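In case you want the letters, here they are:
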Amino acid sequence: IKAQKVRKAVRNGFRKIFREFDLIAMPTTPTPAFELGEKTDDPVAMYLSDIFTVGASVAGLPAISIPAGLSRDGLPIGMQLVAAEGNEALLLGAARGLEKRFRFRERFLPDPGRWGA
């Protein structure tokens, strides 16, 4: 019962935001990506790296993460977009537009064609 109340409160919070805004843009994670194998011995740290994605999941909302750039150490930084229920087309269109604007593949991948540009 407590979990359902929390879910309802989260959903209501998002609904209130979506009365005024079409999309929410935020980081996907609180830090840039970590090196492969870096946090395998610390499951709490790995869980906390996904903390910004929990709200949309709990509320059952469409969300997408796109590459937005690189950290000073050359590790990827993700940007997350969240939309209201039923606004998947808007979400995907915005994500595609931002991907084109950021030109992540062209700027940062050695061979952009290999990733199915």
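This text follows the structure it describes.
From a predicted model like this one, the values you see are computed outputs, not experimental measurements.

(A) The arrangement of the overall build of the protein in detail. Helix and strand counts for the protein stand at 5 helices and 3 strands. With respect to the principal axes defined by its C-alpha atoms, the protein has extents near 50 × 40 × 20 Å. The long-range fraction of contacts in the protein, counting pairs at least 24 apart against all pairs at least 6 apart in sequence, stands at 56%. Total accessible area on the protein is roughly 8,300 Å²; 57% of this is exposed by carbon and sulfur atoms. Each charge sign in the protein was given a centre, from 17 positive and 13 negative side chains, and these centres are 9 Å apart.

(B) Representation of the pattern of salt bridges. Overall, the coordinates contain 3 salt bridges when judged by the stated rule. The partner of Glu99 in a salt bridge is Arg96, with the nearest N and O atoms 3.9 Å apart. Placement of the pair is Glu99 and Arg96 together in helix 4 (residues 88-102), with a separation of 3 residues, close to one helical turn. Residues participating in the shared-partner salt-bridge network are Arg11, Arg15 and Glu85.

(C) Quick peek at the nonpolar core. Residues Phe14, Phe18, Ile24, Ala56, Ala59, Leu61, Val82 and Ala84 constitute the largest nonpolar core, which totals 8 residues. Residue assignment for this core shows that the elements contributing at least two residues are helix 1 (2-18) and helix 3 (54-59).

(D) Structural detail: a nonpolar patch on the surface. Among the surface-exposed residues, Val44, Tyr47, Leu48, Ile51 and Phe52 lie close enough to one another that they form a single nonpolar patch of about 460 Å² accessible area. Among the structural elements, Leu48 can be located in helix 2 (residues 43-48).

(E) A look at the side chain of Thr28. Relative to the helices and strands, Thr28 resides in the loop between strand 1 (23-27) and helix 2. Reaching out from Thr28, the side chain makes a polar contact with the backbone nitrogen of Gln80 at a distance of 3.4 Å. Setting aside chain neighbours within four positions, we find Thr28 in contact with Ser49, Phe52, Thr53, Ser65, Gly78, Met79 and Gln80.

(F) Geometry of the sheet that holds strand 2 (residues 63-70). A sheet is described by the order of its strands in space; here 3 strands give the open sequence 1-3-2, paired in antiparallel fashion. The open sheet has two free edges, formed respectively by strand 1 and strand 2, since each of these has just one partner strand. Strand-to-strand twist of the sheet, defined as the mean angle between neighbouring strand axes without regard to direction, takes the value 25°. Note: strand 2 against strand 3 (residues 76-83), 7 bridges, orientation antiparallel. Counterpart to Ile64 in the pairing with strand 3 is Leu81. On top of the sheet, helix 1 reaches strand 1 and strand 3; it is set at about 115° to strand 1, its chief contact. Contacts from helix 4 reach strand 1, strand 2 and strand 3 within the one sheet, and its direction differs from that of strand 2 by about 10°.

How each quantity is defined
- Residues numbered from 1 in each chain as written.
- Predicted model: local features only at pLDDT ≥ 70, side-chain atom pairs only at ≥ 80, totals over all residues.
- Heavy atoms only, no water.
- Helix = DSSP H or I, 4+ residues; strand = E, 2+ residues; numbered from the N terminus.
- Contact = heavy atoms within 4.5 Å.
- Areas by Shrake-Rupley, 256 points an atom, 1.4 Å probe, with all protein chains shown as cover.
- Lys, Arg positive; Asp, Glu negative; His and termini not counted.
- Charge placed at Lys NZ, Arg CZ, Asp CG, Glu CD.
- Salt bridge = Lys/Arg side-chain N within 4 Å of Asp/Glu carboxyl O.
- Core = buried A, V, L, I, M, F, W, Y, C linked by side-chain atoms within 4.5 Å.
- Buried < 20%, exposed > 50% of the residue type's maximum accessible area, 1.4 Å probe, protein only.
- Patch = residues over 30% accessible without salt bridge, like charges linked within 9 Å, V, L, I, M, F, W, Y side chains within 5 Å.
- Polar contact = N/O pair within 3.5 Å; in protein donor to acceptor, adjacent residues only side chain to side chain.
- Pairing = 2+ DSSP bridges.
- Axes fitted to C-alpha atoms, helices over the stretch in contact; angles between N-to-C directions.

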